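Each chain is listed here by its residues.
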Amino acid sequence: MAIGHPTQNGHHMKIGLVGYQGSGKSTLFELLTGVTPDVSKAHSGQVGIMTVIDDRFRRLVEMFKPKKESPCKVELLDTPGLSKSEQSLNPQRLGIIRDSGALVHVVGCHAGADPIAESQEFKVDMVLADEQVVANRMKRLEKELAKSKSRTDREELQREFEALTPVHEKLSNGESTEEMEFTNDQEHYTKSFALLTRKKRLVICNTAESEYDESILQSLADSGVPALSAPIGLELEVAQLPEDEREVFAQEMGLAEPCRERLIDAAFRVTDLLTFFTCDEKEVHAWLLKRGSTAVEAADSIHSDLARGFIRAEVMSVPDLLRLGSEKEVKAAGLHRLESRDYIVQDGDEIVVRHNG
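Bear in mind the structure is a predicted one, so any value in this text is a computation, not a measurement.

**Quick look at a positive patch on the surface**
Part 1: On the surface, Lys139, Arg140, Lys143 and Lys147 cluster together into a patch of positive charge.
Part 2: Summarising the element assignment, Lys139 is placed in helix H4 (residues 115–147).

**Some details on the layout of surface pockets**
Over the atoms, a rolled probe matching the size of one water molecule traces out where space is still vacant.
Part 1: Put simply, the largest pocket is a space of about 860 Å³.
Part 2: Taken together, 25 residues form the lining of the largest pocket, with Ser100, Gly101, Arg198, Lys199 and Lys290 sitting closest to its centre.
Part 3: Of all the secondary-structure elements, those providing two or more residues to the lining of the largest pocket are helix H6 (184–190) and strand S6 (200–207).
Part 4: Looking at side-chain class alone, the lining of the largest pocket contains 7 nonpolar, 7 polar and 11 charged residues.

**Topic: the side chain of Glu30**
Part 1: Here Glu30 shows up in helix H1 (residues 25–33).
Part 2: One buried charged residue, Glu30, forms no salt bridge at all, with the nearest opposite charge on Arg260 at 11 Å.
Part 3: In this structure the side chain of Glu30 is engaged in a polar contact, spanning 3.0 Å, whose partner is the side chain of Gln240.
Part 4: Setting aside residues up to four positions removed in sequence, Glu30 forms contacts with Val35, Thr36, Pro37, Leu236 and Gln240.

**Things to note about the pairing of strand S4 (residues 72–78)**
Part 1: When you tally the buried positions in S4, you get 6 out of 7 residues, the bulk of the element.
Part 2: Pairing between strand S1 (residues 13–18) and S4: 5 bridges, direction parallel. Across the sheet, residue Ile15 finds its bridge partner in S4, namely Leu76.
Part 3: As paired strands, strand S2 (residues 46–52) and S4 are joined by 7 bridges and run antiparallel to one another. In the strand pairing of S4, Gly48 is matched with Leu76.

**Examining a negative patch on the surface**
Part 1: On the surface, Glu209, Glu211, Asp213 and Glu214 cluster together to form a negatively charged patch.
Part 2: Within the element layout of this structure, Glu211 appears in the loop between S6 and helix H7 (214–222).

**Brief notes about the packing of H1 against helix H8 (residues 232–239)**
Part 1: Look at H1 against H8: their axes get within 9 Å of each other, and the N-to-C directions meet at 35°. Relative to H8, H1 is oriented so that their crossing is left-handed. When H1 is examined against H8, the residues Thr27, Leu28, Glu30 and Leu31 are found in contact with a partner set consisting of Ile232, Gly233, Glu235, Leu236 and Ala239.
Part 2: By residue class, the composition of the contact of H1 with H8 is 5 nonpolar, 2 polar and 2 charged.

**Considering the environment of Gly19**
Part 1: On the secondary structure map, Gly19 appears in the loop between S1 and H1.
Part 2: On the basis of relative accessibility, which here comes to 0%, the residue Gly19 falls in the buried class.
Part 3: Taking the C-alpha atoms as reference points, Gly19 and Gly292, 273 residues apart in sequence, are found 31 Å from one another.
Part 4: For Gly19, the residues in contact, after removing those within four places along its chain, are Lys25, Pro80, Gly81, Leu82, His105 and Val106.

**Examining the sheet that holds S6**
Part 1: With mixed pairing, the 6 strands of this open sheet are ordered in space as S2-S4-S1-S5-S6-S7. The outermost strands of the open sheet, each flanked by one partner alone, are S2 and strand S7 (227–230). Strand after strand, the sheet turns through a mean of 30° between neighbouring axes, direction not considered.
Part 2: Strands S6 and S7 of the sheet are contacted by H7, whose axis makes an angle of about 150° with S7.

**Comments concerning the pattern of salt bridges**
Part 1: Applying the stated rule across the entire model yields 20 salt bridges.
Part 2: Where Lys68 meets Glu283, a salt bridge forms, and the shortest distance between an N and an O atom there is 4.0 Å. Linking Lys68 in strand S3 (residues 68–70) with Glu283 in strand S9 (residues 283–290), this pair joins segments that are 215 residues apart in sequence.
Part 3: Residue classification places Lys68 among the partly exposed positions, given a relative accessible area of 45%.
Part 4: For Glu283, a relative accessible area of 16% puts it in the buried group.
Part 5: Among the salt bridges present, the one from Asp305 reaches Arg308, with a minimum N-O distance of 2.5 Å. Separated by 3 residues within a single helix, Asp305 and Arg308 lie in helix H12 (residues 304–308), roughly one turn from each other.
Part 6: For Asp305, a relative accessible area of 38% puts it in the partly exposed group.
Part 7: Each of Lys14, Glu75 and Asp99 takes part in one network of salt bridges that share partners.

Basis of the calculations
Residues numbered from 1 in each chain as written. Predicted model: local features only at pLDDT ≥ 70, side-chain atom pairs only at ≥ 80, totals over all residues. Heavy atoms only, no water. Patch = residues over 30% accessible without salt bridge, like charges linked within 9 Å, V, L, I, M, F, W, Y side chains within 5 Å. Areas by Shrake-Rupley, 256 points an atom, 1.4 Å probe, with all protein chains shown as cover. Salt bridge = Lys/Arg side-chain N within 4 Å of Asp/Glu carboxyl O. Lys, Arg positive; Asp, Glu negative; His and termini not counted. Charge placed at Lys NZ, Arg CZ, Asp CG, Glu CD. Helix = DSSP H or I, 4+ residues; strand = E, 2+ residues; numbered from the N terminus. 1 Å grid on protein atoms, 1.4 Å probe; cavity = no way out; pocket = protein on both sides within 12 Å on 5 of 7 lines; lining within 4 Å. Points joined across faces, edges and corners; volume = space filled by probe spheres on them. Nonpolar A, V, L, I, M, F, W, Y, C, P; charged D, E, K, R; others polar. Buried < 20%, exposed > 50% of the residue type's maximum accessible area, 1.4 Å probe, protein only. Polar contact = N/O pair within 3.5 Å; in protein donor to acceptor, adjacent residues only side chain to side chain. Contact = heavy atoms within 4.5 Å. Pairing = 2+ DSSP bridges. Axes fitted to C-alpha atoms, helices over the stretch in contact; angles between N-to-C directions. Left-handed = near helix turned anticlockwise from the far one by under 90°.

Now the structure itself:
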(Lines give C-alpha, C1' and ligand atoms only; values in the text may rest on other atoms or scores of the structure.)
Protein backbone atom coordinates (compact mmCIF):
# COMPACT_ATOMS: atom_id res chain seq x y z
CA MET A 1 0.00 0.00 0.00
CA ALA A 2 1.33 3.39 -0.96
CA ILE A 3 1.11 5.30 2.28
CA GLY A 4 4.26 7.40 2.58
CA HIS A 5 5.72 8.52 5.87
CA PRO A 6 4.01 11.11 8.03
CA THR A 7 5.61 14.53 8.01
CA GLN A 8 5.18 17.23 10.58
CA ASN A 9 2.59 19.02 8.48
CA GLY A 10 -0.16 16.84 9.95
CA HIS A 11 -3.10 18.61 11.57
CA HIS A 12 -1.82 19.29 15.03
CA MET A 13 -4.70 20.02 17.23
CA LYS A 14 -4.22 22.09 20.35
CA ILE A 15 -6.73 22.20 23.16
CA GLY A 16 -6.33 24.93 25.76
CA LEU A 17 -7.05 24.01 29.38
CA VAL A 18 -8.40 27.03 31.21
CA GLY A 19 -9.69 27.70 34.70
CA TYR A 20 -9.39 29.92 37.73
CA GLN A 21 -6.65 29.30 40.26
CA GLY A 22 -7.34 26.18 42.31
CA SER A 23 -9.80 24.69 39.82
CA GLY A 24 -7.73 21.53 39.35
CA LYS A 25 -6.87 22.07 35.69
CA SER A 26 -3.20 21.18 36.21
CA THR A 27 -4.36 17.92 37.82
CA LEU A 28 -6.47 17.27 34.72
CA PHE A 29 -3.47 18.11 32.51
CA GLU A 30 -1.44 15.46 34.34
CA LEU A 31 -4.26 12.91 34.17
CA LEU A 32 -4.73 13.35 30.40
CA THR A 33 -1.08 13.66 29.34
CA GLY A 34 0.88 11.84 32.05
CA VAL A 35 3.11 14.94 32.31
CA THR A 36 3.72 16.33 35.79
CA PRO A 37 2.98 20.07 35.89
CA ASP A 38 6.19 22.11 36.05
CA VAL A 39 5.89 24.87 38.66
CA SER A 40 8.36 27.06 36.77
CA LYS A 41 5.93 27.14 33.82
CA ALA A 42 2.99 28.32 35.91
CA HIS A 43 3.06 31.74 34.21
CA SER A 44 3.89 30.71 30.66
CA GLY A 45 1.80 27.55 30.25
CA GLN A 46 2.92 24.00 29.57
CA VAL A 47 2.31 21.65 26.65
CA GLY A 48 1.72 17.91 26.88
CA ILE A 49 0.45 15.28 24.45
CA MET A 50 -2.88 13.53 24.95
CA THR A 51 -3.13 10.20 23.14
CA VAL A 52 -6.63 9.43 21.86
CA ILE A 53 -7.14 5.68 21.43
CA ASP A 54 -10.69 4.83 20.45
CA ASP A 55 -12.34 1.45 20.11
CA ARG A 56 -12.02 1.44 16.31
CA PHE A 57 -8.26 1.91 16.58
CA ARG A 58 -7.92 -0.94 19.10
CA ARG A 59 -9.88 -3.29 16.85
CA LEU A 60 -7.93 -2.31 13.72
CA VAL A 61 -4.69 -3.09 15.58
CA GLU A 62 -6.10 -6.52 16.51
CA MET A 63 -7.05 -7.09 12.88
CA PHE A 64 -3.83 -5.97 11.13
CA LYS A 65 -1.33 -6.83 13.92
CA PRO A 66 0.95 -4.05 12.63
CA LYS A 67 4.61 -3.54 13.55
CA LYS A 68 3.80 0.04 14.53
CA GLU A 69 0.76 1.67 16.16
CA SER A 70 0.15 5.40 15.74
CA PRO A 71 -2.98 6.62 17.53
CA CYS A 72 -4.25 10.23 17.32
CA LYS A 73 -2.31 12.73 19.37
CA VAL A 74 -3.68 16.05 20.54
CA GLU A 75 -1.61 18.80 22.17
CA LEU A 76 -2.91 20.04 25.51
CA LEU A 77 -1.86 23.44 26.72
CA ASP A 78 -2.15 24.02 30.44
CA THR A 79 -2.55 27.77 30.83
CA PRO A 80 -1.77 30.02 33.81
CA GLY A 81 -4.61 30.02 36.35
CA LEU A 82 -6.99 32.95 35.96
CA SER A 83 -7.53 35.35 38.84
CA LYS A 84 -10.94 36.23 40.21
CA SER A 85 -9.59 39.12 42.25
CA GLU A 86 -7.38 40.70 39.56
CA GLN A 87 -9.42 40.36 36.39
CA SER A 88 -7.26 42.89 34.54
CA LEU A 89 -4.46 40.28 34.36
CA ASN A 90 -6.67 37.65 32.71
CA PRO A 91 -6.62 38.85 29.07
CA GLN A 92 -2.84 38.43 29.01
CA ARG A 93 -3.09 34.97 30.59
CA LEU A 94 -5.73 33.99 28.05
CA GLY A 95 -3.57 35.31 25.21
CA ILE A 96 -1.48 32.16 25.10
CA ILE A 97 -4.44 29.94 24.17
CA ARG A 98 -5.43 31.88 21.07
CA ASP A 99 -3.89 29.23 18.82
CA SER A 100 -5.91 26.48 20.50
CA GLY A 101 -8.66 24.97 18.40
CA ALA A 102 -10.94 24.44 21.40
CA LEU A 103 -11.11 25.20 25.11
CA VAL A 104 -11.68 22.92 28.07
CA HIS A 105 -12.77 24.97 31.07
CA VAL A 106 -12.17 23.25 34.41
CA VAL A 107 -14.42 24.37 37.26
CA GLY A 108 -13.62 23.40 40.84
CA CYS A 109 -16.89 22.11 42.32
CA HIS A 110 -16.12 21.91 46.02
CA ALA A 111 -18.43 23.14 48.72
CA GLY A 112 -20.33 26.23 47.73
CA ALA A 113 -18.91 26.51 44.19
CA ASP A 114 -21.32 27.65 41.50
CA PRO A 115 -20.22 26.28 38.12
CA ILE A 116 -22.92 28.15 36.21
CA ALA A 117 -21.84 31.51 37.64
CA GLU A 118 -18.20 30.62 36.98
CA SER A 119 -18.92 29.67 33.38
CA GLN A 120 -20.54 33.11 32.94
CA GLU A 121 -17.59 34.80 34.65
CA PHE A 122 -15.22 33.05 32.27
CA LYS A 123 -17.28 34.26 29.33
CA VAL A 124 -16.82 37.82 30.64
CA ASP A 125 -13.05 37.29 30.77
CA MET A 126 -13.04 36.01 27.18
CA VAL A 127 -15.11 38.97 26.01
CA LEU A 128 -12.69 41.39 27.72
CA ALA A 129 -9.67 39.70 26.17
CA ASP A 130 -11.24 39.78 22.68
CA GLU A 131 -12.41 43.37 23.08
CA GLN A 132 -8.83 44.51 23.88
CA VAL A 133 -7.43 42.82 20.79
CA VAL A 134 -10.05 44.24 18.43
CA ALA A 135 -9.93 47.72 20.02
CA ASN A 136 -6.12 47.87 19.65
CA ARG A 137 -6.38 47.00 15.97
CA MET A 138 -9.07 49.65 15.40
CA LYS A 139 -6.95 52.35 17.08
CA ARG A 140 -4.08 51.43 14.75
CA LEU A 141 -6.39 51.52 11.74
CA GLU A 142 -7.58 55.03 12.68
CA LYS A 143 -3.97 56.23 12.84
CA GLU A 144 -3.13 54.60 9.51
CA LEU A 145 -6.26 56.07 7.89
CA ALA A 146 -5.28 59.55 9.04
CA LYS A 147 -1.75 59.16 7.59
CA SER A 148 -2.65 57.26 4.42
CA LYS A 149 -1.90 59.04 1.13
CA SER A 150 -3.02 56.55 -1.51
CA ARG A 151 -6.66 55.93 -2.28
CA THR A 152 -6.35 52.14 -2.62
CA ASP A 153 -4.65 51.94 0.79
CA ARG A 154 -7.40 54.04 2.32
CA GLU A 155 -10.12 51.88 0.78
CA GLU A 156 -8.52 48.72 2.13
CA LEU A 157 -8.09 50.21 5.63
CA GLN A 158 -11.66 51.55 5.56
CA ARG A 159 -12.97 48.14 4.56
CA GLU A 160 -11.22 46.49 7.51
CA PHE A 161 -12.40 49.21 9.89
CA GLU A 162 -16.02 48.77 8.75
CA ALA A 163 -15.81 44.99 9.08
CA LEU A 164 -14.44 45.21 12.63
CA THR A 165 -16.82 47.92 13.90
CA PRO A 166 -19.88 45.68 14.58
CA VAL A 167 -17.61 43.01 16.13
CA HIS A 168 -16.13 45.62 18.45
CA GLU A 169 -19.56 47.03 19.33
CA LYS A 170 -20.77 43.58 20.32
CA LEU A 171 -17.72 42.94 22.53
CA SER A 172 -17.72 46.38 24.15
CA ASN A 173 -21.36 45.75 25.12
CA GLY A 174 -20.02 42.77 27.06
CA GLU A 175 -21.49 40.28 24.60
CA SER A 176 -19.83 37.24 23.08
CA THR A 177 -19.34 36.93 19.30
CA GLU A 178 -20.16 33.21 19.27
CA GLU A 179 -23.71 33.70 17.97
CA MET A 180 -22.73 36.34 15.39
CA GLU A 181 -23.00 35.43 11.72
CA PHE A 182 -19.69 36.73 10.39
CA THR A 183 -19.44 38.10 6.84
CA ASN A 184 -16.52 36.92 4.68
CA ASP A 185 -14.73 40.19 5.45
CA GLN A 186 -15.24 39.71 9.17
CA GLU A 187 -13.91 36.15 8.98
CA HIS A 188 -10.92 37.41 7.01
CA TYR A 189 -10.02 40.38 9.21
CA THR A 190 -10.52 38.61 12.55
CA LYS A 191 -8.68 35.42 11.55
CA SER A 192 -5.36 36.56 13.02
CA PHE A 193 -7.02 37.44 16.37
CA ALA A 194 -8.26 33.85 16.84
CA LEU A 195 -11.16 35.23 18.90
CA LEU A 196 -11.68 33.28 22.14
CA THR A 197 -15.43 33.87 22.14
CA ARG A 198 -15.74 31.93 18.85
CA LYS A 199 -13.96 28.81 20.07
CA LYS A 200 -15.76 25.59 20.95
CA ARG A 201 -15.89 25.05 24.69
CA LEU A 202 -16.36 22.13 27.08
CA VAL A 203 -16.83 22.53 30.85
CA ILE A 204 -15.48 19.86 33.18
CA CYS A 205 -16.80 20.09 36.74
CA ASN A 206 -14.03 18.86 39.01
CA THR A 207 -15.85 17.19 41.92
CA ALA A 208 -14.74 15.80 45.27
CA GLU A 209 -16.40 12.43 44.71
CA SER A 210 -17.92 10.62 41.76
CA GLU A 211 -21.55 11.55 42.47
CA TYR A 212 -22.62 14.93 41.09
CA ASP A 213 -25.77 16.95 40.54
CA GLU A 214 -26.84 16.23 36.95
CA SER A 215 -29.14 19.26 36.85
CA ILE A 216 -26.11 21.58 36.97
CA LEU A 217 -24.58 19.84 33.94
CA GLN A 218 -27.94 20.12 32.18
CA SER A 219 -28.13 23.88 32.91
CA LEU A 220 -24.66 24.35 31.43
CA ALA A 221 -25.65 22.33 28.35
CA ASP A 222 -28.80 24.45 28.02
CA SER A 223 -26.65 27.60 28.03
CA GLY A 224 -24.82 26.17 25.02
CA VAL A 225 -21.77 24.62 26.71
CA PRO A 226 -21.45 20.82 26.86
CA ALA A 227 -20.43 19.76 30.38
CA LEU A 228 -19.48 16.69 32.33
CA SER A 229 -18.26 16.00 35.84
CA ALA A 230 -15.34 13.96 37.12
CA PRO A 231 -13.43 13.57 40.39
CA ILE A 232 -10.12 14.52 38.75
CA GLY A 233 -7.97 14.32 41.89
CA LEU A 234 -9.17 10.81 42.78
CA GLU A 235 -8.77 9.72 39.16
CA LEU A 236 -5.16 10.85 39.16
CA GLU A 237 -4.47 8.98 42.42
CA VAL A 238 -5.88 5.80 40.86
CA ALA A 239 -3.94 6.30 37.62
CA GLN A 240 -0.66 6.58 39.54
CA LEU A 241 -1.10 3.28 41.40
CA PRO A 242 0.39 0.01 40.16
CA GLU A 243 -2.13 -1.63 37.83
CA ASP A 244 -3.04 -4.49 40.15
CA GLU A 245 -4.05 -2.08 42.95
CA ARG A 246 -6.16 0.30 40.87
CA GLU A 247 -9.41 -1.62 40.88
CA VAL A 248 -9.48 -2.17 44.65
CA PHE A 249 -8.74 1.49 45.37
CA ALA A 250 -11.31 2.64 42.81
CA GLN A 251 -13.97 0.48 44.47
CA GLU A 252 -13.04 1.77 47.94
CA MET A 253 -13.33 5.36 46.71
CA GLY A 254 -16.64 4.62 44.99
CA LEU A 255 -15.35 5.39 41.51
CA ALA A 256 -17.61 3.74 38.97
CA GLU A 257 -15.51 3.53 35.82
CA PRO A 258 -12.23 5.35 35.17
CA CYS A 259 -13.27 8.59 33.54
CA ARG A 260 -9.96 9.36 31.82
CA GLU A 261 -11.21 7.82 28.55
CA ARG A 262 -14.53 9.65 28.86
CA LEU A 263 -12.74 12.96 29.44
CA ILE A 264 -10.38 12.41 26.50
CA ASP A 265 -13.32 11.49 24.31
CA ALA A 266 -15.33 14.56 25.36
CA ALA A 267 -12.38 16.92 24.92
CA PHE A 268 -11.73 15.45 21.50
CA ARG A 269 -15.38 15.71 20.40
CA VAL A 270 -15.42 19.45 21.05
CA THR A 271 -12.55 20.00 18.56
CA ASP A 272 -14.46 19.76 15.29
CA LEU A 273 -12.01 17.16 14.00
CA LEU A 274 -12.63 13.75 12.54
CA THR A 275 -10.42 10.67 12.47
CA PHE A 276 -9.50 8.75 9.35
CA PHE A 277 -7.26 5.70 9.22
CA THR A 278 -4.48 4.20 7.13
CA CYS A 279 -3.91 0.50 7.80
CA ASP A 280 -1.51 -2.21 6.72
CA GLU A 281 0.82 -4.78 8.29
CA LYS A 282 3.48 -2.12 8.81
CA GLU A 283 1.37 0.45 10.61
CA VAL A 284 -2.14 1.28 11.76
CA HIS A 285 -2.30 5.08 11.90
CA ALA A 286 -5.17 7.30 13.04
CA TRP A 287 -5.06 10.78 11.53
CA LEU A 288 -6.81 13.98 12.56
CA LEU A 289 -8.52 16.15 9.98
CA LYS A 290 -10.78 19.18 10.15
CA ARG A 291 -14.39 18.28 9.34
CA GLY A 292 -15.28 19.18 5.78
CA SER A 293 -11.75 18.51 4.45
CA THR A 294 -11.18 16.86 1.07
CA ALA A 295 -9.33 13.67 0.10
CA VAL A 296 -6.39 15.69 -1.20
CA GLU A 297 -6.16 17.56 2.13
CA ALA A 298 -6.19 14.19 3.91
CA ALA A 299 -3.36 13.05 1.61
CA ASP A 300 -1.44 16.23 2.45
CA SER A 301 -1.76 15.61 6.18
CA ILE A 302 -0.13 12.19 5.64
CA HIS A 303 2.65 13.50 3.41
CA SER A 304 2.89 16.49 1.05
CA ASP A 305 4.21 14.21 -1.75
CA LEU A 306 0.95 12.26 -1.67
CA ALA A 307 -1.04 15.45 -2.24
CA ARG A 308 1.25 16.60 -5.08
CA GLY A 309 1.01 13.29 -6.97
CA PHE A 310 -2.60 12.55 -5.98
CA ILE A 311 -4.45 10.29 -8.45
CA ARG A 312 -7.36 8.97 -6.40
CA ALA A 313 -8.31 7.75 -2.95
CA GLU A 314 -9.51 4.23 -2.27
CA VAL A 315 -11.99 4.50 0.56
CA MET A 316 -13.87 2.08 2.78
CA SER A 317 -15.53 2.67 6.14
CA VAL A 318 -13.93 1.21 9.25
CA PRO A 319 -17.29 -0.10 10.59
CA ASP A 320 -17.66 -2.12 7.34
CA LEU A 321 -14.08 -3.33 7.64
CA LEU A 322 -14.54 -4.43 11.27
CA ARG A 323 -17.88 -6.03 10.54
CA LEU A 324 -16.74 -7.99 7.48
CA GLY A 325 -13.29 -8.88 8.81
CA SER A 326 -10.96 -7.91 5.94
CA GLU A 327 -10.41 -5.44 3.09
CA LYS A 328 -10.96 -8.31 0.64
CA GLU A 329 -14.44 -8.96 2.09
CA VAL A 330 -15.34 -5.24 1.95
CA LYS A 331 -14.36 -5.16 -1.74
CA ALA A 332 -16.33 -8.37 -2.41
CA ALA A 333 -19.41 -6.77 -0.82
CA GLY A 334 -19.07 -3.77 -3.16
CA LEU A 335 -18.52 -1.35 -0.25
CA HIS A 336 -15.16 -0.08 -1.48
CA ARG A 337 -15.11 3.22 -3.38
CA LEU A 338 -12.73 5.17 -5.63
CA GLU A 339 -12.93 8.86 -4.87
CA SER A 340 -11.52 11.99 -6.52
CA ARG A 341 -9.46 14.73 -4.83
CA ASP A 342 -12.64 16.68 -3.94
CA TYR A 343 -14.24 13.87 -1.97
CA ILE A 344 -15.23 15.09 1.52
CA VAL A 345 -13.62 12.76 4.06
CA GLN A 346 -15.97 11.18 6.62
CA ASP A 347 -15.17 10.23 10.21
CA GLY A 348 -14.07 6.58 10.27
CA ASP A 349 -12.91 6.37 6.64
CA GLU A 350 -10.02 4.06 5.86
CA ILE A 351 -8.09 5.62 3.00
CA VAL A 352 -5.41 4.42 0.60
CA VAL A 353 -3.96 7.21 -1.50
CA ARG A 354 -2.89 6.25 -5.01
CA HIS A 355 -0.32 8.68 -6.30
CA ASN A 356 2.49 9.31 -8.81
CA GLY A 357 6.02 9.24 -7.50
